[in-house]
Amino acid sequence: DQELEEVKAWFAKGENRKEALVPFGVAKGKNLMVVQLEAFESFFINKQINGQAITPNLNSLIKEGIYVENFYWQTAQGRTSDAEFLANASLFPIANGSVYQLYYQNAFDSLPKILKAKGYHTFALHAYEKSFWNRNLMYHHYPFDRFYSMEDFNENETVGWALSDKELFLQGIDKIKGTQPFYSFIVGLSSHHPYTIQNSYKTLKLEAGIEIENNYLQAIHYVDTAIGELINKLKVEKLWDNTVLVLYGDHDAGIKFSDEFYERLGIESLLKSELHKKVPLYIHVPNINPLVIEGVAGQIDITPTILHLLGMGDNGYYVMGDNIFTMKDKWVVLRNGSAISNDYYYEAAGTGVFADGVCYRRKTKELTKVTDCQEGFKESMQALQVSDLIIEHNLIEKMTK
Ligand code: GP9
């Protein structure tokens, strides 16, 4: 009972719909397509190598839509499945193992569940073995009405591990376009470690370098090309003007990049651990002005942000993230106890290169006392504990009975 009260108190904070950067309900009734991109960091966005843009399509999209510049992945051991969970259930992943495997039968106020109750058709699409990360059970439970896995696609083109992201997007849109309004959650795979895509898909001209670094750039560039195909298809199918499209990266590349690599990309940052905790978040909302959001945010904020756009709000739902459009300042808490605010970056002891942890001012990169950070995020850190209580004791089921 005590734990239940603790969790209820946390949710009593309510939501703030005033002074939103984008009006509440601006995309009411529109379709929703959320695309999770594999190992897709953000440091290469708007960067060139040998005079070639690494992500030309994403660079153009950002100029026309909403882009969250300081967006962080919050995954743990469940990697891709954790990112899916953060985005769809707006709770933290567990510290050990994956919610998808250990707690898939729990009750969640998930995005597909909320949207289904409002009349949306819900689809999940990932062209790999359906039982990987226990997706077949978890997707059914979320619930998605239909999960299109590897066996449902024409496997006419392989890039990396499986069907190319381009074919996943093109065939995927053909599967869902007839049933609107839809929420389609698409999980890409072409840029999976070790990034060895087939030679004919490596279209960047690169000088010899460390193989995995070059392969990573080629795979990212390929995925960007597939994003271009996705946008084109949405336009051809007349979906672009009635669909909210969300693109985000699931987690880092897991590569220890060389100094030479940073030089080639013109990246000078001395403290690189923060750089690799960032993934992109791009949102296309039909008929709104472009917007770049500088404030920090994380994957847990995706569902409340979408609910704002669709005019539903997150009031009354057990989602722990914040609506990006009304956030003032916050600490984005990472699963390993590190945290980032607009002013500070804190890396927990032993989680990166600093044995005792590190705290610095993000604008000046000036190192400061670790306690300066710890003082600021005390309350925010409680979120990890609240999320763990919810998941370990299946509290949403108890609270919604
Ligand atoms: C496979 C893919 C694996 O379905 O999701 O991703 P991972 O968790 O290994 O990054």
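You'll find the structure just up there.
Now for a look at the structure at hand.

Rules of the game
Residues numbered from 1 in each chain as written. Predicted model: local features only at pLDDT ≥ 70, side-chain atom pairs only at ≥ 80, totals over all residues. Heavy atoms only, no water. Axes fitted to C-alpha atoms, helices over the stretch in contact; angles between N-to-C directions. Helix = DSSP H or I, 4+ residues; strand = E, 2+ residues; numbered from the N terminus. Parallel < 35°, antiparallel > 145°, perpendicular 65-115°, else oblique. Left-handed = near helix turned anticlockwise from the far one by under 90°. Contact = heavy atoms within 4.5 Å. Nonpolar A, V, L, I, M, F, W, Y, C, P; charged D, E, K, R; others polar. Salt bridge = Lys/Arg side-chain N within 4 Å of Asp/Glu carboxyl O. Buried < 20%, exposed > 50% of the residue type's maximum accessible area, 1.4 Å probe, protein only. Pairing = 2+ DSSP bridges. Near = heavy atom within 4 Å. Polar contact = N/O pair within 3.5 Å; in protein donor to acceptor, adjacent residues only side chain to side chain. Areas by Shrake-Rupley, 256 points an atom, 1.4 Å probe, with all protein chains shown as cover. Phe/Tyr/Trp six-rings, centres within 6.5 Å; stacked < 30°, edge-to-face > 60°. Lys NZ or Arg CZ within 6 Å of the ring centre and 35° of its normal. Disulfide = S-S within 2.5 Å.

**Concerning the packing of helix α7 (residues 165-176) against helix α8 (residues 211-236)**
Running from amino to carboxyl end, α7 crosses α8 at an angle of 20 degrees, the nearest separation of the two axes being 8 Å. By the criterion of interaxial angle, the relationship of α7 to α8 is roughly parallel. The handedness of the crossing between α7 and α8 comes out as right-handed. Between α7, through Asp 165, Lys 166, Phe 169, Leu 170, Ile 173 and Asp 174, and α8, the contact on the second element is made entirely by Tyr 222, Val 223, Ala 226, Ile 227, Glu 229, Leu 230, Lys 233 and Leu 234. Taken together, the residues of the contact of α7 with α8 break down into nine nonpolar, no polar and five charged.

**What about the pattern of salt bridges?**
Counted according to the given criterion, the structure contains 20 salt bridges. One salt bridge connects Glu 84 with Arg 135, and the closest N-O pair in it is separated by 2.9 Å. Separated by 51 residues along the polypeptide, Glu 84 in helix α3 (residues 79-89) and Arg 135 in helix α6 (residues 135-141) bring together distant segments of the chain. On the accessibility criterion, Arg 135 (2% relative accessible area) is buried. Between Asp 174 and Lys 177 there is a salt bridge; the shortest N-O distance is 3.1 Å. Taken together, the shared-partner salt bridges connect Asp 174, Lys 177, Lys 233 and Glu 237 into one network.

**A word on the pairing of strand β18 (residues 358-361)**
Bridge count for strand β17 (residues 344-347) against β18 is four bridges, and the pairing is antiparallel. Looking across to β18, one finds that Tyr 346 is bridged to Cys 359. As defined by bridge partners, β18 adjoins strand β19 (residues 367-368) across two bridges and the pair is classed as antiparallel. What sits directly across from Cys 359, in β19, is Thr 368.

**Digging into the site of the ligand**
As a matter of local geometry, the ligand sits amid Glu 38, Arg 79, Thr 80, His 126, Tyr 128, Phe 132, Trp 133, Arg 135, Leu 189, His 192 and His 251. At 2.7 Å, a side-chain N or O of His 126 approaches an oxygen atom of the ligand. For the ligand, an oxygen atom lies 2.9 Å from a polar atom in the side chain of His 192. Taking 310 Å² as the accessible area of the ligand by itself, protein coverage stands at 92%. Split into classes, the residues belonging to the shell around the ligand amount to four nonpolar, four polar and three charged.

**Thoughts on the sheet that holds strand β1 (residues 31-37)**
The mixed open sheet is built from eight strands, whose spatial order is β7-β6-β10-β1-β11-β12-β4-β13. Of all strands in the sheet, those bounded by a partner on one side alone are β7 (146-148) and β13 (291-293). Taking each pair of neighbouring strands and ignoring which way they run, the sheet shows an average axis angle of 15 degrees. Two strands pair when backbone bridges link them, and β1 and strand β11 (residues 243-249) are joined in this way by seven bridges, in the parallel orientation.

**Looking at unusual backbone geometry**
The peptide bond linking Tyr 142 to Pro 143 adopts the cis configuration, its omega dihedral lying at 10 degrees. Mapped onto the fold, Pro 143 is located in the loop between α6 and β7. The omega torsion across His 193 and Pro 194 is 5 degrees, close enough to zero to call that bond cis. Considering the arrangement of structural elements, one finds Pro 194 in the loop between β10 (182-187) and α8. A positive phi angle is found at Asn 46, which is not glycine, with a value near 60 degrees. Within the secondary structure, Asn 46 is located in the loop between β1 and β2 (48-49). Given the relative accessible area of 51%, Asn 46 is considered exposed. One non-glycine residue with positive phi stands out, namely Asn 134, at about 65 degrees.

**Brief notes about the packing of aromatic side chains**
Applying the stated criterion across every chain yields a total of 31 aromatic pairs. Summarising the aromatic geometry, the rings of Tyr 201 and Tyr 222 are spaced 5.7 Å apart at their centres and angled 80 degrees between planes, so their arrangement reads as edge-to-face. Of this pair, Tyr 201 sits in the loop between β10 and α8 while Tyr 222 sits in helix α8; the two residues are 21 residues apart in sequence, bridging distant segments of the chain. On the basis of relative accessibility, which here comes to 21%, the residue Tyr 201 falls in the partly exposed class. For Tyr 222, a relative accessible area of 6% translates into the label buried. Put simply, the rings of Phe 40, Phe 43, Phe 44, Tyr 195, Tyr 216, Phe 257, Phe 261 and Tyr 262 touch in pairs and so form one group of aromatic residues. Over the ring of Phe 153 we find Lys 175, and its NZ or CZ is 5.0 Å from the ring centre. Lying over the aromatic face of Tyr 262, Lys 272 brings its terminal NZ or CZ to 4.5 Å of the ring centre.

**Focus: the state of the cysteines**
Going through the model one piece at a time under the given rule, you end up with one disulfide. Here Cys 359 is linked by a disulfide to Cys 373, with a sulfur-sulfur distance of 2.2 Å. Judged by the torsion about the S-S bond (80 degrees), the Cys 359/Cys 373 disulfide is right-handed. Of this pair, Cys 359 sits in strand β18 while Cys 373 is found in helix α11 (residues 370-392), placing the two residues 14 residues apart along the sequence. With relative accessibility at 1%, the residue Cys 359 sits in the buried group. Residue class for Cys 373 comes out buried when judged on its relative accessible area of 0%.

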